[in-house]
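# Coordinate inspection notes
One letter stands for each residue in the lines below.
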Amino acid sequence: MSRTAAAYQYEMKKLLFARKGWLILLCTVLLQIGIACFAKPYQYYSFDTQLYKEYAELYAGPYSKETERIIHASLVVSERLGEYKMEYEELSSEEMREQNQKMMLANLKTAALNEIQNKYAQLSACKEYAPEMTYDIEATEYFQKFGMNWAALIGMALLLPLLMLGDANCGMEQILFPTITGQKRITLAKLLTACSVSAALMLLCTLLQWGIFSVRWDFGTLAVPVQSLTGFGSCTIKSSISGCMILFGIIRILAAPAAALLLCLLSVLIRKEPAAITAWAVLIGCSAILASKISVFPVFSLYSALSGLSAAKTLSGVDTGFLIFFLLLKTGLLLCGTCAAAEKKK
Amino acid sequence: MLQFKELTKQYGNFTALDRFTVDLESGIYALLGPNGAGKSTMMNILVGLIAPTNGCIYYDGTDISKMDDKFRDIIGYMPQYPGFYPNFTAMDLMRYMAQMKGIPRKDAEKRCLKLLESVNLTEKKDAKIGSFSGGMRQRLGLAQALINDPKILILDEPTAGLDPKERVRFRNMVRRLSDQITVIFCTHIVSDIETIAKEILLIHHGKLLKKAAIPELVEEMQGKVWEVLPDQDGIEHLLDEYPRSSLVSRNMQTAVRIVNDTKPHPDAVSCKPLLEDVYLYMFGDDAS
């Protein structure tokens with residue numbers, strides 16, 4: 001076994017058992033269960049699910065030129081349908097009615113086929129200009145809850161400073177660093193422990209959240225495009241709701257190590273647990289404010305990545321790719337930066 | 001051989017270690033100096049806990065900063081008041097340190113038990129460290145420092161908190177080890193080293209004042225140590241006038257032992273110097 005692997009094994013053991021990290025993990029899980037069980041849904045709007053499904057099937061993917069063309073065509077058809085109806089009512093003779101009936105029925109059929117597209121246009125318009133009138137699926141209410149996972153973040157805030165500062169606080173650093181394993185490997189092992197614990201914690205909390213929500217609410221309409229959800233109208237990611245759930249679940253789990261390493265770096269620099277946790281919360285909060293103020297910032301924002309599905313509201317497919325790229329880059333830089341900061345503390 | 005060359009450590013304008021240069025071979029070297037003399041700084045640089053501002057340390061001609069793992073593999077370090085995980089048992093800690101020091105698992109178990117036995121902690125091997133007394137922690141600190149069979153053993157105030165019996169046991173153990181290895185023994189307690197140290201390194205204000213064997217140091221003090229038997233008022237007066245002085249009992253009377261270049265009192269008689277007198281003489285007012 002390599003020295004870093006041996007150190008990693010012991011860091012995990014120390015964190016979970018010697019420092020009673022298992023108790024914090026247990027509390028985090030209980031907190032997550034509590035939050036998910038008692039989370040109140042957002043108020044949703046009356047909706048005919050069956051009718052919606054038809055619109056949703058017609059609307060595959062994000063708003064595009066093709067969507068626009070269909071909407072325009074449906075509007076034209078709708079106008080013509082109205083004209084025909086008026087003409088039909090104006091016809092007086094039976095004969096004339098019969099003559100025109102065939103032609104009019106054909107037109108009505110076309111119009112009926114496009115009616116649904118017309119309704120979609122209305123739906124889109126409503127979504128854009130009058131969200132309060134949006135017809136939506138029930139999913140909206142619980143999807144709004146797939147934002148920042150507070151339970152996992154609280155768990156990380158309590159666990160990670162213990163991991164980074166525990167040895168220094170009890171005086172073990174003086175004994176451990178002069179060993180052959182050395183400071184670099186021990187610091188690296190600590191950071192790898194932070195990454196794996198935070199990712200596992202986020203995965204666990206996300207699965208608990210999904211599991212409990214799926215029991216509380218029906219997950220029957222996940223195959224429809226994510227744009228169907230209120231607030232996701234401008235999202236250009238071509239994916240179903242379930243696809244987006246998985247994608248942003250993965251991003252959230254990838255974001256956890258980056259957030260964990262940021263806290264580790266702050267712990268190493270500040271050397272005081274409460275101050276490091278406060279600075280960390282402020283930085284993530286600032287990232288959230290910047291993401292809401294600057295349109296391009298969500299791509300770089302740790303908050304966006306941690307927010308999970310709710311981040312998809314403003315991100316495109318390309319943005320998501322960049323978000324993952326910057327997340328991995330950030331994780332790598334924080335890993336190197338924390339190792340360097342720990343070394344510099346000499 | 002361990003060589004310190006012009007080793008300097010500065011914290012802003014404060015020089016904790018000032019061009020410290022010395023060569024050490026196998027045997028026990030006692031590092032003697034008052035608080036803030038630079039002893040701990042020197043040891044922390046040696047074990048790699050802090051980096052020097054200037055200068056180098058060489059082991060058998062190789063710069064230790066270039067040896068990296070290889071150097072850490074041959075040192076054993078026991079810090080002053082070693083801190084341990086209170087929830088670990090003594091055996092847990094020894095196993096952990098064995099892993100960190102790269103001891104194969106199959107050898108580690110035996111070695112841990114042997115060392116715990118040698119520091120008289122066998123009965124407490126499964127007890128939580130949190131329940132240990134100061135002396136037991138010190139002994140555990142020594143056991144962990146020895147687990148990798150070090151060629152250089154660095155002990156920072158190792159006897160603090162030990163009772164007289166444990167101190168003797170500790171001294172004997174270090175003495176037995178010192179035939180093949182270099183032991184750097186940092187202490188304030190002169191009696192701990194006067195019977196076992198090969199040489200004394202006197203350090204003050206970050207500078208090495210002197211490196212010599214105990215007989216040589218004591219010899220230099222001949223004619224500088226005096227004893228006086230004054231009355232009660234005279235005692236107070238002498239203690240005030242000569243800061244390098246101490247009270248001793250002589251034939252049921254209190255005498256004042258004074259370290260001074262000249263005869264301090266007409267009734268003063270010259271007496272045989274001790275290592276403690278050397279300490280008082282070298283460090284003057286700081287010795288208190």
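Residues numbered from 1 in each chain as written. Chains lettered and ligands numbered in written order. Predicted model: local features only at pLDDT ≥ 70, side-chain atom pairs only at ≥ 80, totals over all residues. Heavy atoms only, no water.

### A short note on the overall build of chain A
When you go through chain A residue by residue, the secondary structure sums to 13 helices and zero strands. Classification of the 346 residues of chain A by burial places 48% in the buried group. Within chain A, counting contacts between residues at least 6 apart in sequence, those at least 24 apart form 79% of the total. Total accessible area on chain A stands at roughly 17000 Å², and carbon and sulfur atoms take up 65% of it. (Helix = DSSP H or I, 4+ residues; strand = E, 2+ residues; numbered from the N terminus. Buried < 20%, exposed > 50% of the residue type's maximum accessible area, 1.4 Å probe, protein only. Contact = heavy atoms within 4.5 Å. Areas by Shrake-Rupley, 256 points an atom, 1.4 Å probe, with all protein chains shown as cover.)

### What about the pairing of strand β9 (residues 199-204) of chain B?
All names here are of chain B. Most of β9 sits out of view: six of its six residues are buried. Of the strand pairs in this sheet, β9 and strand β10 (residues 207-212) are connected by five bridges, and their pairing is antiparallel. Of the residues in β10, the one forming a bridge with I203 is L208. Counting the residues between successive antiparallel strands, the hairpin from β9 to β10 contains two residues, one of them, H205, with a positive phi of roughly 50 degrees. (Pairing = 2+ DSSP bridges.)

### A few points about the packing of aromatic side chains
The full count for this structure, using the stated rule, is 10 aromatic pairs over all chains. For the pair F322 of chain A and F326 of chain A, a centre-to-centre distance of 6.1 Å together with 25 degrees between the ring planes defines the contact as stacked. With a gap of four residues between them, F322 of chain A and F326 of chain A both fall in helix α13 (residues 317-344), about one helical turn apart. Here the aromatic rings of F4 of chain B and F20 of chain B are separated by 5.6 Å at their centres, their planes lie at 90 degrees, and the arrangement is edge-to-face. (Phe/Tyr/Trp six-rings, centres within 6.5 Å; stacked < 30°, edge-to-face > 60°.)

### Some points on the sheet that holds strand β5 (residues 62-63) of chain B
All names here are of chain B. Taken in spatial order, the four strands line up as β2-β1-β4-β5 in an open sheet, and their pairing is antiparallel. The open sheet has two edge strands with one neighbour each: β2 (14-24) and β5. When strand β1 (residues 2-11) meets strand β4 (residues 54-59), the two strands line up antiparallel, connected through five bridges. By the bridge assignment for β4, K5 is matched with C56. Across the face of the sheet, helix α1 (residues 39-46) comes into contact with β1, β2 and β4 while running at roughly 115 degrees to β1. (Axes fitted to C-alpha atoms, helices over the stretch in contact; angles between N-to-C directions.)

### As for the sheet that holds β10 of chain B
Residue and element names in this part refer to chain B. Ordered by their spatial adjacency, six strands build an open sheet running β6-β7-β8-β3-β9-β10, and the pairing between neighbours is mixed. The outermost strands of the open sheet, each flanked by one partner alone, are β6 (75-78) and β10. For this sheet the average axis-to-axis angle between neighbouring strands, irrespective of direction, equals 15 degrees. As judged from the six bridges shared by strand β3 (residues 27-32) and strand β8 (residues 182-187), these two strands associate in the parallel manner. Within β8, the position partnered with L31 by the bridge is C186. Those strands touched by helix α6 (residues 134-145) are β6 and β7 (152-156), and its axis lies near 170 degrees from that of β6.

### Some thoughts on unusual backbone geometry
Residues and elements named next belong to chain B. If you check the backbone angles, D60 has positive phi at about 50 degrees while not being a glycine. Position of D60 relative to the elements: it lies in the loop between β4 and β5. Despite not being glycine, E157 has its phi angle at roughly 45 degrees, a positive value. Tracing the chain through its elements places E157 in the loop between β7 and α7 (164-177).

### What about the side chain of Q144 of chain B?
Secondary-structure assignment places Q144 of chain B in helix α6. Residue Q144 of chain B is classed as buried on the basis of its relative accessible area, which comes to 0%. In this structure the side chain of Q144 of chain B is engaged in a polar contact, spanning 2.9 Å, whose partner is the backbone oxygen of G141 of chain B. Ignoring any residue separated from it by four or fewer positions in sequence, one finds Q144 of chain B in contact with I175 of chain A together with Y77, M78, F84, M94, M97 and K101 of chain B. (Polar contact = N/O pair within 3.5 Å; in protein donor to acceptor, adjacent residues only side chain to side chain.)

### Regarding the confidence of the model for chain A
All names here are of chain A. Counting all residues, the mean pLDDT for chain A is 77, and 65% of those residues have values of 70 or more. Across chain A, the element-wise mean pLDDT spans from 52 in helix α3 (residues 49-58) up to 93 in helix α2 (residues 21-38). Within the model, pLDDT remains below 50 along residues 43-49, and this stretch shows 12 contacts once partners closer than five positions in the same chain are excluded. (pLDDT = per-residue confidence, 0-100.)

### What to know about the domain arrangement of chain B
Partitioning chain B into domains gives domain 1 (2-218) and domain 2 (223-272). Averaged C-alpha coordinates put domain 1 of chain B and domain 2 of chain B at centres separated by 36 Å. (Domains from an automatic or database assignment.)

### Thoughts on the interface of chain A and chain B
Tallying the contact residues gives 29 residues for chain A and 28 residues for chain B. The junction of chain A with chain B conceals about 2400 Å² of combined surface from both sides, 62% of it contributed by carbon and sulfur atoms. On the surface where chain A and chain B come into contact, there are two salt bridges. Between R3 of chain A and D69 of chain B there is a salt bridge, with the nearest N and O atoms lying 3.9 Å from each other. Joining chain A to chain B, the criterion identifies nine residue pairs in polar contact (both at pLDDT 80 or more). Here the side of chain A that touches chain B is composed, by residue class, of 14 nonpolar, six polar and nine charged. (Buried area = accessible area lost by both parts, 1.4 Å probe. Salt bridge = Lys/Arg side-chain N within 4 Å of Asp/Glu carboxyl O. Nonpolar A, V, L, I, M, F, W, Y, C, P; charged D, E, K, R; others polar.)

### Here we look at the packing of helix α4 (residues 90-100) of chain B against α6 of chain B
Residues and elements named next belong to chain B. Packing of α4 against α6 brings their axes to within 10 Å, and their N-to-C directions diverge by 25 degrees. As far as their axial angle goes, α6 and α4 are roughly parallel. As α4 runs across α6, the sense of the crossing is right-handed. On α6, the residues that touch A90, L93, M94 and M97 of α4 are L140, A143 and Q144. A class-by-class count of the residues in the contact of α4 with α6 yields six nonpolar, one polar and no charged. (Parallel < 35°, antiparallel > 145°, perpendicular 65-115°, else oblique. Left-handed = near helix turned anticlockwise from the far one by under 90°.)

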